[in-house]
Amino acid sequence: EAPFFDNIDELQQHGINVQDILKLKGAAINTISGVIMTTRRQLLKIKGMSEAKVEKIKEAAQKSTGSSFATGIEVQDRRKRVLTISTGSKSVDAILGGGIMSQSISEVYGEFRTGKTQLAHTMCVVAQLPPELGGASGKASYLAAGTFRPDRIRSIAERFGVDGNMALENILYARAFNSEHQMELINECSMRFAEDKDFRLLIVDSIMALFRVDFSGRGELSERQQKVRAEYSGTQMLSKLTKLSEEYNIAILLTNQVQSDPGATMTFVAGGALKPIGGHILSHSSATRMFLRKGRAEERVAKLVDSPDRPESEASYKLDEGGWTDV
């Protein structure tokens, strides 16, 4: 299959020189659609870019991709390229319409021990399976603010009959230490996805945890300013992730923590008095959101809270040696 995106090197054919292309790559812009998604103002911030150069690059990108408009039929054909990666539980896949989709951001949030990180580990292995087994025949990238356990990957791989070392070989892992570092790692992912066209899944295991740390208790900022700054940085990160998912046709899974919502006791909301951190910003960026909660004994319940094309519904799953599975 032809790659989903046009590499930025193709701009050379439209008269853009190699030095300028390298400058764009240095700013984590690795595809032609990446140029179109970036504003002129952002391009001007790149060292050594003049207004004339930016105009020339924009023009070349526009020429290379042609019109941005498409008929409904063309859009329908493009949607056929969307990949679905199973969660490991058939009942959860059913409420999602097959699993986690590429070209969009999916978010799972819930208390500790509901299986957020377990889902991330399970999907790292499932993504490598062929499509008929719920996978996408590709590699996974895992950015963690917390835990990544190779032993878990091995036991999940065993369940699916995959060699443990092979499964680990196809997972690219990085640990983020603060929100700025997390953004740098996401930019590096963009570069790697452009070089290696086999990536099908990106996991950010806890998207807001580091913002919580970086912007809380900052004496020099009022609580409101802390929140605004964290949200501004968060918006930039989410905007970058949204572009990545569309640029490279990959599925993005974010895990998120919850906080109690004192006002929720008065209203009947999904998840009761618990709400995901990150506020409205995150809720608008994630196309699909699932709230996870503990059920009876080993059972866990996933509630589809938000989806562009599926009704709100619930499904049960359990956490096993082999990751997420059906009850």
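Report follows, based on the coordinates. (Residues numbered from 1 in each chain as written. Predicted model: local features only at pLDDT ≥ 70, side-chain atom pairs only at ≥ 80, totals over all residues. Heavy atoms only, no water.)

## A look at the pairing of strand S3 (residues 104-110)
Phase 1: With 7 of 7 residues buried, S3 is to be regarded as a mostly interior element.
Phase 2: Of the two faces of S3, the one carrying Ser104, Ser106, Val108 and Gly110 and the one carrying Ile105, Glu107 and Tyr109 are both buried.
Phase 3: As judged from the 6 bridges shared by S3 and strand S7 (residues 251-256), these two strands associate in the parallel manner. In the sheet register, Tyr109 faces S7, and the bridge partner there is Asn256.
Phase 4: Here 5 bridges tie S3 to strand S10 (residues 288-294), and the two strands are oriented parallel to one another. Looking across to S10, one finds that Gly110 is bridged to Leu292. (Buried < 20%, exposed > 50% of the residue type's maximum accessible area, 1.4 Å probe, protein only. Helix = DSSP H or I, 4+ residues; strand = E, 2+ residues; numbered from the N terminus. Pairing = 2+ DSSP bridges.)

## Points about the pattern of salt bridges
Phase 1: Applying the stated criterion across every chain, the model contains 10 salt bridges.
Phase 2: In this structure, Lys139 engages Asp196 in a salt bridge whose closest nitrogen and oxygen atoms are separated by 2.7 Å. Of the two residues, Lys139 sits in strand S4 (residues 139-144) while Asp196 sits in the loop between helix H10 (179-195) and strand S6 (199-205), which places them 57 residues apart along the sequence.
Phase 3: The shortest N-O distance in the salt bridge between Glu312 and Lys303 comes to 3.7 Å.
Phase 4: Linked through salt bridges whose partners overlap, the residues forming this network are Asp20, Lys23 and Lys53. (Salt bridge = Lys/Arg side-chain N within 4 Å of Asp/Glu carboxyl O.)

## What about the side chain of Arg200?
Phase 1: Looking at where Arg200 falls in the secondary structure, it is placed in strand S6.
Phase 2: Classification of Arg200 as buried rests on a relative accessible area of 19%.
Phase 3: In terms of polar contacts, Arg200 uses its side chain to reach the backbone carbonyl oxygen of Lys197, at 3.4 Å.
Phase 4: Aside from chain neighbours lying at most four places away, what touches Arg200 is Leu83, Ile85, Ala136, Gly138, Lys139, Tyr248, Asn249, Ile250 and Ala251. (Polar contact = N/O pair within 3.5 Å; in protein donor to acceptor, adjacent residues only side chain to side chain. Contact = heavy atoms within 4.5 Å.)

## Describing the sheet that holds S7
Phase 1: With mixed pairing, 9 strands are arranged side by side in an open sheet as S5-S4-S6-S7-S3-S10-S11-S12-S13. With partners counted over all chains shown, the strands left at the sheet margins are strand S5 (171-175) and strand S13 (323-325), one partner each. Pairwise comparison of adjacent strand axes, ignoring direction, gives a mean angle of 25° for this sheet.
Phase 2: Where strand S11 (residues 299-306) meets strand S12 (residues 313-320), 6 bridges bridge the pair, whose relative direction is antiparallel. Of the residues in S12, the one forming a bridge with Ala302 is Ala315.
Phase 3: Those strands touched by helix H8 (residues 150-159) are S5, S12 and S13, and its axis lies near 35° from that of S13. (Axes fitted to C-alpha atoms, helices over the stretch in contact; angles between N-to-C directions.)

## Looking at unusual backbone geometry
Phase 1: In this model, Ala28 sits at a positive phi of 65°, which is unusual for a non-glycine residue.
Phase 2: Along the polypeptide, Ala28 turns up in the loop between helix H1 (18-26) and helix H2 (32-37).
Phase 3: Despite not being glycine, Ser137 has its phi angle at roughly 50°, a positive value.
Phase 4: Mapped onto the elements, Ser137 comes out in the loop between helix H7 (116-126) and S4.

## A look at the pairing of S7
Phase 1: Burial runs high along S7: 6 of the 6 residues are buried.
Phase 2: Covered by surrounding structure in S7 are Ala251, Leu253 and Thr255 together with Ile252, Leu254 and Asn256, the residues of both alternating faces.
Phase 3: As paired elements, S6 and S7 share 5 bridges and run parallel to each other. Within S7, the position partnered with Leu202 by the bridge is Ile252.

## Quick notes on the nonpolar core
In summary, soluble globular proteins display a tendency toward joint burial of nonpolar side chains.
Phase 1: The biggest cluster of nonpolar side chains holds 35 residues, and the ones touching the most others in it are Ile85, Val92, Tyr142, Leu201 and Met290.
Phase 2: Element by element, the count of residues in this core is highest for H7, at 6 residues.
Phase 3: What Tyr142 contacts, discounting residues up to four positions off in sequence, is Thr117, Ala120, His121, Cys124, Thr147, Phe148, Ile171, Leu172, Tyr173, Ala174, Ile203 and Asp205.
Phase 4: Counting residues in hydrophobic clusters, the runner-up holds 27 residues, among them Ile207, Phe211, Leu238 and Ile252. (Core = buried A, V, L, I, M, F, W, Y, C linked by side-chain atoms within 4.5 Å.)

## Focus on the packing of H7 against H8
When two helices pack together, their arrangement is given by the angle between their axes and by how far apart the axes lie.
Phase 1: Here H7 crosses H8 at 55°, and the two axes come no closer than 9 Å. Viewed along their axes, H7 and H8 adopt a mutual orientation that is oblique. Along this stretch, H7 crosses H8, giving a crossing that reads as right-handed. Contacts from Gln118, His121, Thr122, Cys124 and Val125 in H7 reach Arg152, Ile153, Ile156, Ala157 and Arg159 in H8. (Parallel < 35°, antiparallel > 145°, perpendicular 65-115°, else oblique. Left-handed = near helix turned anticlockwise from the far one by under 90°.)

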